[in-house]
Every structure is written in structure tokens, then in C-alpha cells.
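# Descriptive structure summary
Next come the chains, spelled out residue by residue.
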Amino acid sequence: MGEPKGSISLHDRTNASVAAENLPTVTFERFAEWVAEAGPVDLDTDSKDGQHDEHWRPMVDLCHPCTIPYTVLGRTASLAEDARLVLRTANITSVKFPEGYRSATPDVTESLVSLLRTDVLKGVLRHYLQDLFLFGYRPQEVFQNTTARDIAQSIYEELLAEA
């Protein structure tokens, strides 16, 4: 028996002996609220409550793309293409990325984001705005649903104007 689609399990860092079935399940909506409420990341402090755990930090805070001259910035949505580019750029011919890989990111993203209240979506977009811009994720390219696309695009443009 698996978890409901669109949910994640919390891991109890204080007691590793807790059985997985006894851990609470968190919906995607609640997780998104948590990210939106986290506020700006302070890299000089180690947040005790896990709000700024490196798994949820924006990539720009972890990989420093404005400081490190990367040759390629990859995305999960185009992982197969990006992997081939990296291998070609490095002149590696003995390794092949598995054929047939297709990211489910676009399909999953739209279905999960459509569950969010506008204020939560705005908070999540604000939290990851630099990542979205840097990695080329634009609402008009991510969402097929016109309502979700229009709301996300409006919020995205508003946040860019504030930046």
C-alpha cells in the first residue's frame, strides 16, 4: 500500500527508530504552504526547524551560478537532452544516457500546482523566483491549463517587477 499521489512523508530526525507507517503524511498543499511561509533563506544560520533544509533551498543558494562559471545548467524537465550535452561537451563517448527517459515534471507540476491557493502559489513562486528565471521555467511553458497559466504568469510578472 503506497502513499496518496501528491503527498510526502515527514521523516523524524529526532528518533530514527520510528517506523515509516507511523510517520505523518503531508499533502502537497501543506508542503507548499510550509515553503511559502519559510521566508527568505539566511545562509549564515542553520535553521533548527528545518525550514531552510538544503533540500528545499533555491538552487541559486546552493550552486552559486552567478559566482561559479558553469558550462551547462541542467533541468529535470530536459534531463536527457542536458545529459547528452554534458557528455558531448566533455567529449565523453563511452557513456550513454538511457534512451527513453521522459521527465514527468511537466505533467505532475500542473496537476499539483492547480491544487494551491493563489497566495500559496505566490509564496512558492517568490521563494524560487531566481531558480525559475535562471533555469528558464516560464508559466506559459509549464502550464497547459489556461487558468493556472494566467494566474502563475500574472504572479510571476508581479514578482519580477518587484525584484
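Cut-offs used in this document
Residues numbered from 1 in each chain as written. Predicted model: local features only at pLDDT ≥ 70, side-chain atom pairs only at ≥ 80, totals over all residues. Heavy atoms only, no water. UniProt positions renumbered as here; feature names shortened; annotations may be inferred. Helix = DSSP H or I, 4+ residues; strand = E, 2+ residues; numbered from the N terminus. Buried < 20%, exposed > 50% of the residue type's maximum accessible area, 1.4 Å probe, protein only. Salt bridge = Lys/Arg side-chain N within 4 Å of Asp/Glu carboxyl O. Phe/Tyr/Trp six-rings, centres within 6.5 Å; stacked < 30°, edge-to-face > 60°. Core = buried A, V, L, I, M, F, W, Y, C linked by side-chain atoms within 4.5 Å. Contact = heavy atoms within 4.5 Å. Arc of directions from axis to C-beta.

Going by an unreviewed UniProt entry, the protein carries the name Carbohydrate sulfotransferase and comes from Amphibalanus amphitrite. Quoted verbatim from the Sequence similarities (unreviewed entry) heading of the UniProt record, the comment on the protein is "Belongs to the sulfotransferase 2 family." UniProt, in the comment section headed Subcellular location (unreviewed entry), describes the protein in these words: "Golgi apparatus membrane".

## Here's the deal with the environment of Val 86
Along the chain, Val 86 falls in helix H3 (residues 79-89). Among the residues examined, Val 86 registers a relative accessible area of 41% and is labelled partly exposed. Sequence spacing of Val 86 and Thr 71 is 15 residues, and the spatial spacing of their C-alpha atoms is 8.5 Å.

## Here we look at the pattern of salt bridges
The final tally for this structure, using the stated rule, is 6 salt bridges. The shortest N-O distance in the salt bridge between Arg 30 and Glu 37 comes to 3.9 Å. Measuring nitrogen to oxygen at the nearest pair gives 2.9 Å for the salt bridge that ties Arg 117 to Glu 33. Here the residue Arg 117 occupies a position in the loop between helix H4 (105-113) and helix H5 (118-127), and Glu 33 occupies one in helix H1 (residues 28-37), the gap between them amounting to 84 residues. Connected through salt bridges with shared partners, the residues Arg 30, Glu 33, Glu 37, Arg 117 and Asp 119 form a single ionic network.

## Looking at the packing of aromatic side chains
A full pass over the atoms with the stated rule returns 2 aromatic pairs. Here the aromatic rings of Phe 28 and Phe 31 are separated by 6.5 Å at their centres, their planes lie at 45°, and the arrangement is tilted. Pair noted here: Phe 28 and Phe 31 are both in helix H1, with a separation of 3 residues, about one helical turn. By relative accessible area, which is 16% here, Phe 31 ends up buried. Measuring from centroid to centroid gives 5.9 Å for Phe 31 and Trp 34, while their planes differ by 35°, and the two rings are tilted.

## Examining the nonpolar core
Counting residues in hydrophobic clusters, the biggest one holds 20 residues, and the most contacted among them are Leu 121, Val 124, Leu 125 and Phe 143. Counting only elements with at least two residues in this core, the list comes to H1, H5, helix H6 (129-134) and helix H8 (146-162). Per element, the largest residue contribution to this core is 5 residues, and it comes from H8. Filtering out sequence-adjacent residues up to four positions away, Phe 143 remains in contact with Thr 109, Glu 110, Val 113, Ala 148, Arg 149 and Ala 152.

## A word on the side chain of Asp 131
On the secondary structure map, Asp 131 appears in helix H6. Setting aside residues up to four positions removed in sequence, Asp 131 forms contacts with Pro 58, Met 59 and Val 60.

## A short note on H3
Taken as a whole, H3 has its buried residues at Ala 80, Asp 82, Ala 83 and Leu 87. Each buried residue of H3 lies within a common arc of 165° when the element is viewed along its axis, so the set occupies one face. Exposed and oriented more than 90 degrees from the buried face of H3 are Glu 81 and Arg 88. Residue Asn 91 follows H3 closely and has a positive phi angle near 60°.

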